[in-house]
Amino acid sequence: SLVSISCSYETIVGNVGNTLRREVFDRVQFFRRLVLDDIISHCHKNDSDHDSGTTAIALVDSFSPIQALVVPGNTRCVDFCNRLWNQSKGSIRLYPIRSPTVPKGQERVRIVLHSHNTREQIRYLLRLMKSTLCQMGMITSESSSTRSARQFEGETSSEESSRLVSRL
C-alpha cells in the first residue's frame, strides 16, 4: 500500500536509515582491518604451488557490505567454504564465486556483512576463516599479532559464538 511505501521511504532516508548505514560501514571497516591484520599478513608469499591459481589470497578492494576474499582455484574455493561451514557447525554459510564467473586464479568467497552483525560475530567469523586457511596450508599457523590476540580476549565459548552468528 501507499502507507507502507511511505513508511519504508521515511525509514530509508531518515535517521533510522542513516544509523543503519553508519553501523554497517563501521562493521565493514572492522572486518577489513581484522582480515588484513590477521589473515593477509600471514599469507604465503608464493602461492603458485597450489592448483593452477597464480594469485595469493587477498581481500578485494571494496568498502561495500559485500566483501570478497580471493581464494584461488575452484577446488580450493569450494573446499574453503565447505570446511568453514563444518567448523561453524552449520551456522555460517559462505558461497564460492568460481571461474568462469571470475577470471581463473581470481576465485573468491562472498561475505555479506549486515548492520545487525556484532563485533563478536565478526571476530568469530574471522577466527573460523583463519583456522580454515591454516588447515588448508594457505596461511602460516603462527600466532596472531599481540593486537589481534587482545581483540580475541574475552570471547564467548564456541557454542555461544555459534548462536551469535546464526544471523550472519
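Residues numbered from 1 in each chain as written. Predicted model: local features only at pLDDT ≥ 70, side-chain atom pairs only at ≥ 80, totals over all residues. Heavy atoms only, no water.

Check the secondary structure of the protein and you find 6 helices and 4 strands. Of the regular secondary structure in the protein, the N- to C-terminal order runs α-α-β-β-α-β-β-α-α-α. Considering only contacts in the protein between residues 6 or more positions apart, those separated by 24 or more positions represent 70%. Working note: accessible area of the protein is about 9,200 Å², and carbon and sulfur atoms make up 53% of it. (Helix = DSSP H or I, 4+ residues; strand = E, 2+ residues; numbered from the N terminus. Contact = heavy atoms within 4.5 Å. Areas by Shrake-Rupley, 256 points an atom, 1.4 Å probe, with all protein chains shown as cover.)

All right, on to the packing of helix α1 (residues 2-13) against helix α2 (residues 15-38) then. Here α1 crosses α2 at 50°, and the two axes come no closer than 4 Å. Comparing their axes, α2 and α1 come out oblique. Residue-level contacts link Thr11, Ile12 and Val13 of α1 to Val16, Gly17, Asn18 and Arg21 of α2. Tallied by class, residues from the contact of α1 with α2 come to 3 nonpolar, 3 polar and 1 charged. (Axes fitted to C-alpha atoms, helices over the stretch in contact; angles between N-to-C directions. Parallel < 35°, antiparallel > 145°, perpendicular 65-115°, else oblique. Nonpolar A, V, L, I, M, F, W, Y, C, P; charged D, E, K, R; others polar.)

So, on to the side chain of Ser91. In this fold, Ser91 is placed in the loop between α3 (74-87) and β3 (95-97). Exposure remark for Ser91: the relative accessible area of 16% places this residue in the buried category. (Buried < 20%, exposed > 50% of the residue type's maximum accessible area, 1.4 Å probe, protein only.)

Next up on the list: the sheet that holds β3. Pairing is antiparallel across the open sheet formed by 4 strands, whose spatial order is β1-β2-β4-β3. This sheet does not close on itself; its edge strands, each paired only once, are β1 (58-59) and β3. Of the pairings in the sheet, the one linking β3 to strand β4 (residues 108-112) comprises 3 bridges and is antiparallel in character. Bridging across to β4, Pro96 finds its partner in Val109. Strands in contact with α3 are β2 (66-70), β3 and β4; relative to β3, the strand with the most contacts, it is inclined by about 170°. (Pairing = 2+ DSSP bridges.)

All right, on to the packing of aromatic side chains then. Counted under the stated rule, the structure contains 0 aromatic pairs. Geometry around Phe63 places Arg32 over its ring, the cationic atom sitting 4.8 Å from the centre. Directly above the aromatic system of Trp85 lies the positively charged group of Arg93, at a separation of 4.2 Å from the ring centroid. (Phe/Tyr/Trp six-rings, centres within 6.5 Å; stacked < 30°, edge-to-face > 60°. Lys NZ or Arg CZ within 6 Å of the ring centre and 35° of its normal.)

Our next topic: unusual backbone geometry. Along the chain, Ser99 connects to Pro100 via a cis peptide bond; the corresponding omega equals 15°. In this fold, Pro100 is placed in the loop between β3 and β4. The phi dihedral of Lys89 falls on the positive side, at around 55°, and the residue is not glycine. Note on Lys89: relative accessible area 67%, which makes it exposed.

One pass over the full model with this rule turns up 4 salt bridges. Among the salt bridges present, the one from Arg27 reaches Asp26, with a minimum N-O distance of 3.6 Å. For Asp26, a relative accessible area of 28% corresponds to the partly exposed category. Among the salt bridges present, the one from Arg32 reaches Asp61, with a minimum N-O distance of 3.8 Å. Linking Arg32 in helix α2 with Asp61 in the loop between β1 and β2, this pair joins segments that are 29 residues apart in sequence. Take Arg32: its relative accessible area is 8%, and that puts it in the buried class. Taking the relative accessible area as the measure of exposure, Asp61 reaches 63% and is therefore exposed. (Salt bridge = Lys/Arg side-chain N within 4 Å of Asp/Glu carboxyl O.)

Right, let's get into the state of the cysteines. Per the stated rule, a full pass over the model turns up 0 disulfides. Summary of cysteine pairing: Cys81 is not part of a disulfide, and the nearest cysteine sulfur, belonging to Cys77, is at 5.2 Å. (Disulfide = S-S within 2.5 Å.)

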